Amino acid sequence: MIKAGVIVFPGSNCDKDCEYALKEVAGARVQFVWHKETSLPKLDLVVLPGGFSYGDYLRTGAIARFSPVFSAIKKHVSEKRGVIGICNGFQMLLEAGLLPGAMLRNRSLQFICKNIFIRTENPKTMFTNHLKKNQLLNIPIAHGEGNYYCDPETLKSLQGNNQIIFRYASESGQVNDASNPNGSIDSIAGIMNETGNVMGMMPHPERASEDILGSHDGFGIWKSILTSLN
Amino acid sequence: MATAVMKKKKADQSGKGSGKLFEAKVYVTLKKSVLDPQGKVILHSLHSLNFKQVGAVRVGKYFEVRIQAKDLAEAKSHVATMCDQLLANTVIEQYTFDIGEVKK
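Residues numbered from 1 in each chain as written. Chains lettered and ligands numbered in written order. Predicted model: local features only at pLDDT ≥ 70, side-chain atom pairs only at ≥ 80, totals over all residues.

Caption draft 1: Up close: the overall build of chain B. Of regular secondary structure, chain B possesses three helices and three strands. Secondary structure elements in chain B, listed N-terminal to C-terminal, are α-β-α-β-α-β. Across the 104 residues that make up chain B, the buried fraction comes to 14%. Contacts in chain B between residues at least 24 apart in sequence constitute 71% of all its contacts with a sequence separation of at least 6. (Helix = DSSP H or I, 4+ residues; strand = E, 2+ residues; numbered from the N terminus. Buried ≥ 20, exposed ≤ 12 C-beta atoms within 10 Å, placed from the backbone. Contact = placed C-beta atoms within 7 Å.)

Laid out in structure tokens, this is it:
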């Protein structure tokens, strides 16, 4: 059985949801890890959950990377173990330089909390192997700073290396400006690193893992991770 | 480091180390190549207040940083490094700063 650790920062608010989805729905062993820990137990997967770590002071995710646990996470990444950062967790991965790019305010300047659709762009990853190419997921977003930005060269390399995992799409699968909720460059909703063991995404799979939540489309991500790590 | 940030708040404002005391006024703004939707909204609001002369607004952050250093060059170099590492996210932001010695 795979062992996952959900990192808890002051201001995290999706940590329990991630634990529930991984443990009760997907069937992994899960433990919480407080951000002050300087080392990690032997984990197959680290989850950086959503929330407002450190009150979003300075920039979203900017202070969390100074938490003691982050050097242990960097070591975990260098050992090619899995990391998924969701929403604020994605913002932390960007600020920590574990993923390229940065987040800007949503172009509408509004906090957006609603269900949207994302399209699976690369199903050949440890995070998406149970999904099909172009599979649409009905999944919620809840963020004020999810407008992904990177310079043109970085975008080119993300595209060339198939590091773009999810794009915002319409219900019929169209990727265009109208289906882009926050203004992200190239409609990017989720990317991974070159090695393929670190993924960040703005939508919340843990909030869409069971029918009772209105959608179980996020479950495919947990199932993919468990399959590839088992 | 997070605890270091907390401790710094309690320390007196002259910082640690010997030498002269400098104060940097640091301005961080989005790069010209990055759209600034906040600036745009403020521009439109100024227009609706009848400031039709306003052509552009960009929003940024402002920091006052007090730092001990042996001379101006050293203080400048420290401030530039802290901008690169923390105060600005250089993927999307640029910074400038004015710096001068604080006379005691």
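Anyway, onward from the coordinates.
Caption draft 2: Fine view of the sheet that holds strand β2 (residues 29-34) of chain A. Residues and elements named next belong to chain A. Spatially, β2-β1-β3-β4-β11-β10-β9-β6-β7 is the arrangement adopted by the nine strands of the open sheet, whose pairing is mixed. Each edge of the sheet is formed by a strand with only one pairing partner; in this case those strands are β2 and β7 (136-143). Adjacent strand axes in the sheet meet at a mean angle of 25°, parallel and antiparallel pairs treated alike. Relative to strand β11 (residues 198-201), strand β4 (residues 82-86) is paired through four bridges, and the arrangement is parallel. From the neighbouring strand, Ile86 faces β11, where its bridge partner is Met201. (Pairing = 2+ DSSP bridges. Axes fitted to C-alpha atoms, helices over the stretch in contact; angles between N-to-C directions.)

Caption draft 3: Layout of the interface of chain A and chain B. Taken together, the contact between chain A and chain B spans 13 residues of the former and nine residues of the latter. Of the residues contributing to the side of chain A that touches chain B, the split by class is seven nonpolar, two polar and four charged. (Nonpolar A, V, L, I, M, F, W, Y, C, P; charged D, E, K, R; others polar.)

Caption draft 4: Highlighting helix α2 (residues 37-48) of chain B. With 12 residues, α2(B) extends 17 Å from end C-alpha to end C-alpha; this agrees with the ideal 16 Å at 1.5 Å per step. Looking one or two places after α2(B), you find Asn50(B), whose phi comes out positive at around 75°. (Expected span 1.5 Å × (residues − 1).)

Caption draft 5: Up close: the environment of Leu87(B). All names here are of chain B. Within the secondary structure layout, Leu87 lies in helix α3 (residues 72-87). When the 24 C-beta atoms within 10 Å are taken as the criterion, Leu87 is described as buried. Along the primary structure Leu87 and Phe63 are separated by 24 residues, whereas in three dimensions their C-alpha atoms are 8.4 Å apart. Not counting residues up to four positions away in its chain, the partners in contact with Leu87 are Val26, Val28, Phe63, Met82 and Tyr95.

Caption draft 6: Expanded view of helix α3 (residues 88-95) of chain A. All names here are of chain A. Of all eight residues that make up α3, eight are buried, and the element is covered over most of its length. Here α3 has its buried residues at Asn88, Gly89, Phe90, Gln91, Met92, Leu93, Leu94 and Glu95. In this fold, the buried residues of α3 make contact with β3 (45-48), β4, β5 (102-104) and β11. At the C-terminal side of α3, Gly97 shows a positive phi close to 75°.

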